[in-house]
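Each chain is listed here by its residues.
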Amino acid sequence: MSEEVVKLERRGGVALITLNRPQARNAINFELATQFRARMAEAQDAGCIVITGTDPAFCAGLDLRNLGTDALAGLPSYAEALDNSATPTIAAENGPAVTGGFEIALGCDFIVASERAAFADTHVRVGVYPGPVLVDLPRRVGMAWAREISMTGNFVDAATALRIGIANHVKPHDELLPFALQLAGAGAVQGKKMVSAMRADWD
């Protein structure tokens, strides 16, 4: 039986999905991507989904040392799982979200962050051409900030992320998950058909 590297818990009408490879800073490999897609599918009956990571990181991006497949093209698409979600998603950024981890966060409806959170798009540093971040990041922060973040690969701290629009809220670390679950609970009780229609129109 494979290790549970993505956990799914129920909190009333809210589904909590936790990336759970803390020894690898929750980096994405074949197993995590596969389980993430499965947990997202299982959670579609919830009113809202919160996605977080096991401390100390949210997600360090692709695990290039242990990808679990011979080519990036063989990796199940975690971005597609988010794009196809009929259920709203909130990223609860408990720590650094880097490259693929940043893409997961940006694929959510919105982001709430711990004071320990940091964000980086390091595609240029590892020589991998960026995908969803090229579209999703400018939508959040505007083209000038998106170009700076993606062209330099520099990290953005939580306070800056709040100021430029990556994160909606920054909370003390211990308050992050309760706050995210509270927001998710407020969304989960709304009419699902109307929320789905709103999300489709925004997209």
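Notes on the structure in this doc start here. Note that the structure is predicted; figures quoted are calculated from it, not measured.

What follows deals with the overall build of the protein. Regarding its fold elements, the protein presents nine helices and nine strands. Rg of the C-alpha trace for the protein: 16 Å, near the compact-globule value of 17 Å for 203 residues, within the 12% margin. Counting across all 203 residues of the protein, residues that qualify as buried make up 49%. Considering only contacts within the protein whose residues lie at least 6 apart along the sequence, 71% involve residues at least 24 apart.

The step from Asp-55 to Pro-56 runs through a cis peptide bond, and the omega angle for that step is 20°. Examined against the element boundaries, Pro-56 turns out to sit in the loop between β3 (48-53) and α2 (78-83). Although it is not a glycine, Asn-26 sits at a positive phi angle of roughly 60°. If you trace the backbone, Asn-26 turns up in the loop between β2 (14-19) and α1 (30-42). Take Asn-26: its relative accessible area is 0%, and that puts it in the buried class. Even without a glycine there, the phi angle at Thr-99 is positive, about 50°. Residue Thr-99 is classed as buried on the basis of its relative accessible area, which comes to 10%.

Read across the sheet, three strands follow the order β5-β7-β8 without closing on themselves; strand pairing throughout is mixed. Both outer strands of the open sheet, β5 (96-98) and β8 (156-157), are each paired with one neighbouring strand and no more. Examined bridge by bridge, strand β7 (residues 118-120) and β8 share two bridges and lie antiparallel to one another. Its bridge partner being in β8, Ala-118 is matched across the sheet by Asp-157.

Using the criterion set out here, one finds six salt bridges in the structure. Residue Asp-63 is joined to Arg-21 by a salt bridge in which the shortest nitrogen-to-oxygen separation is 3.1 Å. Note that Asp-63 is positioned in the loop between β3 and α2 and Arg-21 in the loop between β2 and α1, a separation of 42 residues in sequence. Comparing Asp-63 with Arg-21 shows no difference in burial state: the two are buried. We note a salt bridge from Arg-37 to Glu-80, for which the minimum N-O separation is 3.0 Å. Of this pair, Arg-37 sits in helix α1 while Glu-80 sits in helix α2, placing them 43 residues apart in sequence. The exposure class assigned to Arg-37 is partly exposed, which follows from its relative accessible area of 30%.

As a further point, take the pairing of strand β4 (residues 89-93). Both faces of the sheet carry side chains from a regular strand, because those side chains alternate between them. Along β4, five of the five residues are buried, which leaves the element largely enclosed by surrounding structure. Covered by surrounding structure in β4 are Thr-89, Ala-91 and Glu-93 together with Ile-90 and Ala-92, the residues of both alternating faces. Bridging between β3 and β4 involves three bridges; their strand directions are parallel. Paired with Ile-49 across the bridge in β4 is Thr-89. Running through α2, the crossover from β3 to the neighbouring parallel element β4 is right-handed. Two elements, β4 and strand β6 (residues 110-114), share four bridges in a ladder whose sense is parallel. Considered in β6, the bridge of Ala-92 is made with Val-112.

About the thresholds
Residues numbered from 1 in each chain as written. Predicted model: local features only at pLDDT ≥ 70, side-chain atom pairs only at ≥ 80, totals over all residues. Heavy atoms only, no water. Helix = DSSP H or I, 4+ residues; strand = E, 2+ residues; numbered from the N terminus. Rg over C-alpha atoms; globule rule 2.2 N^0.38 Å. Buried < 20%, exposed > 50% of the residue type's maximum accessible area, 1.4 Å probe, protein only. Contact = heavy atoms within 4.5 Å. Pairing = 2+ DSSP bridges. Salt bridge = Lys/Arg side-chain N within 4 Å of Asp/Glu carboxyl O. Right-handed = clockwise from strand over helix to strand, strands pointing away.

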